[in-house]
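# Overview (structure and organization)
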Amino acid sequence: MARIELEHVTKRWGGYYAVDDLNLVIENNAFVTLLGPSGCGKTTTLRMIAGLETPTTGRITIDGEVMFDSDLGINVPANKRRVGFLFQNYALWPNMTVYQNIAFGLSNINESGAAVNEKGEIVRDETGKAPARKLTKEEIRRVVDRVSAIVKIGPFMDRYPSELSGGQQQRVAIARTLAPGPRVLFMDEPLSNLDAKLRLEMRSELQRLHLNTGSTFVYVTHDQMEAMTLATRICLIENGVLQQYAEPLTIYNQPRNTFVADFVGNPAVNFVAARGAQQADGSLALEMLEGRKAIFTPTEPVKTQDFFQQVEEEQQAADSKKREAEKTNKDQIFQCAIAKVEEEPEEDRELDEEDWIVGIRPEFIRISDQGAVEGEIFSAMPTGMETTVKLRVGNLLLTGVVFGGVIYQIGQKVRLDFEGENLMIFSRKNGRRMAQGTLKVL
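These remarks concern the structure in this document.

Conventions and cut-offs
Residues numbered from 1 in each chain as written. Predicted model: local features only at pLDDT ≥ 70, side-chain atom pairs only at ≥ 80, totals over all residues. Heavy atoms only, no water. Pairing = 2+ DSSP bridges. Helix = DSSP H or I, 4+ residues; strand = E, 2+ residues; numbered from the N terminus. Axes fitted to C-alpha atoms, helices over the stretch in contact; angles between N-to-C directions. Contact = heavy atoms within 4.5 Å. Expected span 1.5 Å × (residues − 1). Buried < 20%, exposed > 50% of the residue type's maximum accessible area, 1.4 Å probe, protein only. Core = buried A, V, L, I, M, F, W, Y, C linked by side-chain atoms within 4.5 Å.

Let's shift gears to the sheet that holds strand β11 (residues 241-246). Ordered by their spatial adjacency, six strands build an open sheet running β7-β8-β9-β3-β10-β11, and the pairing between neighbours is mixed. Two strands lie at the open edges of the sheet, namely β7 (83-86) and β11, each paired on one side alone. Along the sheet, successive strands turn relative to each other by an average axial angle of 15 degrees, direction set aside. Pairing of β7 with strand β8 (residues 184-188) involves four bridges; the strand directions are parallel. Looking across to β8, one finds that Gly84 is bridged to Leu185. Packed on one face of the sheet, helix α1 (residues 42-50) meets β3 (31-35), β7, β8, β9 (216-221) and β10 (233-238) and runs near 150 degrees to β8.

Here it is as structure tokens:
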């Protein structure tokens, strides 16, 4: 059992904030991925929870037990937190067999508690502590047999790491981490050294491993596909600041801002600049796609005035946050890229509350003879099951996905429109998503 809580956790070096006032709750038996671009603070967050890095300020608890508290001066060492850590480098002992590598961490269990049961599980007392005495060879054998069965490496126990494939070495590293019975397992990009096919297979294995062990998994990656396919919840971080913490499909369908929308999704979301105001019926009358008129109708009622007021209040609360040092890595609004055939100079003016960004996922673009918008096939990349197409609309480029064995020729004229109720509209001024809804081009 492992419920992890981070309260106002900050890690800084001088004025550089690697993690900035992070509040996070990881429920027991969750599979949480820390996702974000390189240098965003995800590995630092993982290392602080594990005890390998000391936060500057804040509080970290695991199962209600305080692991770190800057105010109380508490900092429990990593070897006392009963957690497992799987690094990007598997770090297997080359001169030891698979069995010896897995058993290595079991010979040094010397905290107070009970022993090993007949299932090969280390029995702990009510405080969660492990055996006081050294485990016998038979007890070590039980533990090794149990964890090797979980990751399916039983036939390789007498081999050395150099005699194993990359996937097999990773399984050994996982088994070695699981052997002492950690209540939470931390993984720092453990699949990055594998080829694409093996990575896909190991994602499936990690899902099954999470189910079989019942442990809490915290997984660091910059690969949004890994995060989407593995996690029960995604913690998306940028510049040390938590951007959104939610289930994968919520992150995908209801991104909090343009950064989240852009980072999650493959192919990436289309961003289209628009300008317009809200009408009496709640819809937005827009001008977009190089002068075309359109109507965006929110799925749920929303008033633009209330939206901008809420965002302003949140920004004021963030600005008033007390800092021990000025943040040198300043937080900035994400500048979303609007794909164009030929780059054009941006209009030099201050953005206001009538400037919008419409977010269109590739699967929401429908090519049909009845489409309201005329376009041209700029490129077509068939993969068998689907074809990814780039559509030229004036000087704009839109990415669409067409399912089935449809063949398109470059330069072919087509018509298109936008279907579904999950199109998104963001304020270009503050980058925040205001609503989801439908888009009709007139």
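Structure shown, so let's carry the discussion forward.
On to the pairing of strand β1 (residues 4-13), then. With five bridges connecting them, β1 and strand β4 (residues 57-62) associate as antiparallel partners. Bridging across to β4, Glu7 finds its partner in Arg59. Pairing between β1 and strand β2 (residues 16-26): seven bridges, direction antiparallel. Opposite Lys11, over in β2, you have Val19 as the bridge partner. Turn length for the β1-β2 hairpin, with the two strands adjacent in sequence and antiparallel, is two residues, and the turn residue Gly14 shows positive phi of about 65 degrees.

A turn of α-helix holds 3.6 residues, and therefore any two residues three or four places apart point the same way. With 14 residues, helix α3 (residues 137-150) extends 20 Å between its outermost C-alpha atoms, agreeing within 8% with the 20 Å of an ideal straight helix rising 1.5 Å per residue. On the buried face of α3, the contacting elements are α2 (98-103), α4 (166-178) and α5 (196-213).

This next bit is on α4. Compared with the 18 Å implied by 1.5 Å per residue over 13 residues, the 19 Å span of α4 between its first and last C-alpha is a close match. Of all 13 residues in α4, eleven are buried, a share of seventy percent or more. Where α4 is buried, its residues contact β7, α2, α3, β8 and α5.

This part is about the nonpolar core. If you look at the biggest cluster of nonpolar residues, it comprises 42 residues, and the most contacted ones within it are Leu286, Met288, Leu289, Ile360, Leu398, Phe418 and Leu439. What Phe418 contacts, discounting residues up to four positions off in sequence, is Leu289, Ile360, Phe364, Ile365, Leu398, Leu423, Leu439 and Val441. Residues Leu86, Met157, Leu185 and Leu206 belong to the second largest nonpolar core, which totals 37 residues.

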